Amino acid sequence: MAEADLPVRRAVVLPGRELHWRFSRASGPGGQGVNTTDSRVELSFDLARSPSVPEPLRERAVRRLDGRLVDGVLTVVAAENRSQLRNREAARERLAATLRDAMRPDPPKRRPTRPTRGSVRRRLDAKARRGAVKRMRGRPDD
């Protein structure tokens, strides 16, 4: 694994050549270097056409990230730090976490269950007791 490669999960490592970086000036405080430093980082990854992501994982991730993809490309932005290096690290971690979540297997199907007869009885008894308490609060019948 090269230094620029991005590990996502055990079976998925994105090669550095598939990651595309863009830098621009970030808004917010920055001191003297605020107008000269390109500290905002955009990291893009072409998920839909990447050969380094196995087909079933790619399909699942594309389906789950459908609202975030533009022509199959996932882009994350990091501008919270004043340093471009720290923003690069934040963008790498954010991209890996987003892809990790999107590739996670589906949760198991919920098996419908029914309440037990005892729990139904206890619930109805509690409702009846509560109703009786409320009836006793009313004006007495003459």
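Residues numbered from 1 in each chain as written. Predicted model: local features only at pLDDT ≥ 70, side-chain atom pairs only at ≥ 80, totals over all residues. Heavy atoms only, no water.

Asker: Please explain the overall build of the chain as it appears in this structure.
Answerer: Within the chain one finds three helices and five strands. Counting from the amino terminus, the chain carries its helices and strands in the arrangement β-β-β-β-α-β-α-α. Relative to a compact globule of 142 residues, whose C-alpha radius of gyration would be 14 Å, the chain shows 27 Å and is clearly more extended. Principal axes of the C-alpha set define a box for the chain whose edges measure 85 × 45 × 25 Å. A buried classification covers 27% of the 142 residues belonging to the chain. Total accessible area on the chain is roughly 10,700 Å²; 50% of this is exposed by carbon and sulfur atoms. A gap of 11 Å separates the mean positions of the 34 positive and 18 negative side-chain charges of the chain. (Helix = DSSP H or I, 4+ residues; strand = E, 2+ residues; numbered from the N terminus. Rg over C-alpha atoms; globule rule 2.2 N^0.38 Å. Buried < 20%, exposed > 50% of the residue type's maximum accessible area, 1.4 Å probe, protein only. Areas by Shrake-Rupley, 256 points an atom, 1.4 Å probe, with all protein chains shown as cover. Lys, Arg positive; Asp, Glu negative; His and termini not counted. Charge placed at Lys NZ, Arg CZ, Asp CG, Glu CD.)

Asker: In this structure, what is going on with the packing of aromatic side chains? I would like to understand it.
Answerer: To describe a pair of aromatic rings, you give the distance between the ring centres and the angle between the ring planes. With the rule as written, the count across this model stands at one aromatic pair. With a centroid separation of 6.3 Å and 5 degrees between ring planes, the pair formed by W21 and F23 is classed as stacked. The class of W21 is partly exposed, set by a relative accessible area of 24%. For the cation-ring pair, R88 lies above W21, with the distance from its terminal atom to the ring centre recorded as 4.5 Å. (Phe/Tyr/Trp six-rings, centres within 6.5 Å; stacked < 30°, edge-to-face > 60°. Lys NZ or Arg CZ within 6 Å of the ring centre and 35° of its normal.)

Asker: I would appreciate a short explanation of the sheet that holds strand β3 (residues 19-24) in the present structure.
Answerer: By definition, the strands of a sheet pair up through backbone hydrogen bonds, in either a parallel or an antiparallel sense. Taken in spatial order, the three strands line up as β3-β4-β5 in an open sheet, and their pairing is antiparallel. A single partner strand is all that each edge strand has here, and the edge strands are β3 and β5 (73-78). When the angles between neighbouring strand axes are averaged without regard to direction, this sheet yields 20 degrees. Across six bridges, the pairing between strand β4 (residues 40-46) and β5 is antiparallel. By the bridge assignment, S44 is partnered in β5 with T75. Packed on one face of the sheet, helix α2 (residues 84-103) meets β3, β4 and β5 and runs near 140 degrees to β5. (Pairing = 2+ DSSP bridges. Axes fitted to C-alpha atoms, helices over the stretch in contact; angles between N-to-C directions. Contact = heavy atoms within 4.5 Å.)

This is a description of form; function is not addressed.
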